[in-house]
Amino acid sequence: MKKSTLINKFEDKLDLTLDALYEARDVISAADDYELDELVNEIVEELECEIADASEKIREAVDKALD
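Residues numbered from 1 in each chain as written. Predicted model: local features only at pLDDT ≥ 70, side-chain atom pairs only at ≥ 80, totals over all residues. Heavy atoms only, no water.

K.L.:
What am I meant to see in the packing of helix α1 (residues 3-29) against helix α2 (residues 34-65) here?
P.N.:
Two measures define how a pair of helices packs: the angle their axes make with one another and the distance between the axes. Where α1 meets α2, the axes come as close as 10 Å, and the angle between the chain directions of the two elements is 175°. Classified by the interaxial angle, the pair formed by α1 and α2 is roughly antiparallel. Looking at the contact of α1 with α2 residue by residue, the class counts come to 15 nonpolar, four polar and seven charged. (Axes fitted to C-alpha atoms, helices over the stretch in contact; angles between N-to-C directions. Helix = DSSP H or I, 4+ residues; strand = E, 2+ residues; numbered from the N terminus. Parallel < 35°, antiparallel > 145°, perpendicular 65-115°, else oblique. Nonpolar A, V, L, I, M, F, W, Y, C, P; charged D, E, K, R; others polar.)

Structure (structure tokens):
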């Protein structure tokens, strides 16, 4: 499989993961509790950063492996 195809497929799955994370956040937001909203938003932001960092590491590893 070509490197670009592999990375695109990987990123598509990450997008689905992030969409599910946002949907989970929205479920909690339906409770209409400010403190709960703040907590879930903070956790979602942390997870977004962790996913982005891990994703970059994986892209670099794919680059090295498929060169």
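Next comes the rest of the description.
K.L.:
Looking at this structure, I do not really get the side chain of S55. What am I missing?
P.N.:
Positionally, S55 belongs in helix α2. Its relative accessible area of 3% is what places S55 among the buried residues. Sequence-distant contacts of S55, that is, excluding residues within four places in its chain, are made with F10 and L14. (Buried < 20%, exposed > 50% of the residue type's maximum accessible area, 1.4 Å probe, protein only. Contact = heavy atoms within 4.5 Å.)

K.L.:
Explain a nonpolar patch on the surface to me, please; I cannot follow it from the model alone.
P.N.:
On the surface, V27, I28, L36, L39, I43 and L47 cluster together to form a nonpolar patch covering roughly 470 Å² of accessible area. Of all the elements in the fold, those that place two or more residues in the nonpolar patch are α1 and α2. With four residues, α2 is the single largest residue contributor to the nonpolar patch. Mapped onto the elements, I28 comes out in helix α1. (Patch = residues over 30% accessible without salt bridge, like charges linked within 9 Å, V, L, I, M, F, W, Y side chains within 5 Å. Areas by Shrake-Rupley, 256 points an atom, 1.4 Å probe, with all protein chains shown as cover. Salt bridge = Lys/Arg side-chain N within 4 Å of Asp/Glu carboxyl O.)

K.L.:
Is there a simple way to think about α2 in this case?
P.N.:
The α-helix winds at 3.6 residues per turn, so residues separated by three or four positions along the chain end up facing the same way. When the terminal C-alpha atoms of α2 are compared, their 46 Å separation across 32 residues agrees well with the 46 Å that a helix rising 1.5 Å per residue should span. As for α2, its buried residues are in contact with α1. Sitting at the head of α2, D33 places a side-chain oxygen 3.1 Å from the backbone nitrogen of E35. (Expected span 1.5 Å × (residues − 1). Polar contact = N/O pair within 3.5 Å; in protein donor to acceptor, adjacent residues only side chain to side chain.)

K.L.:
How should the pattern of salt bridges be read in this particular structure?
P.N.:
Pairs can form between side chains of opposite charge once their charged atoms are near each other. Scanning the model with the defined rule gives five salt bridges in all. One salt bridge in this structure joins K3 and D63, with 3.0 Å as the shortest N-O distance. Residue K3 is located in helix α1, and its partner D63 is located in helix α2; the two are separated by 60 residues in the primary sequence. When the shortest N-O distance is used, the salt bridge between D67 and K3 registers 2.9 Å. Pair noted here: D67 is in the segment after α2 and K3 is in helix α1, with a separation of 64 residues, a long-range link. Accessibility expressed as a relative area gives 74% for D67, which makes it exposed. Within this structure, K3, D63 and D67 form a network of salt bridges that share partners.

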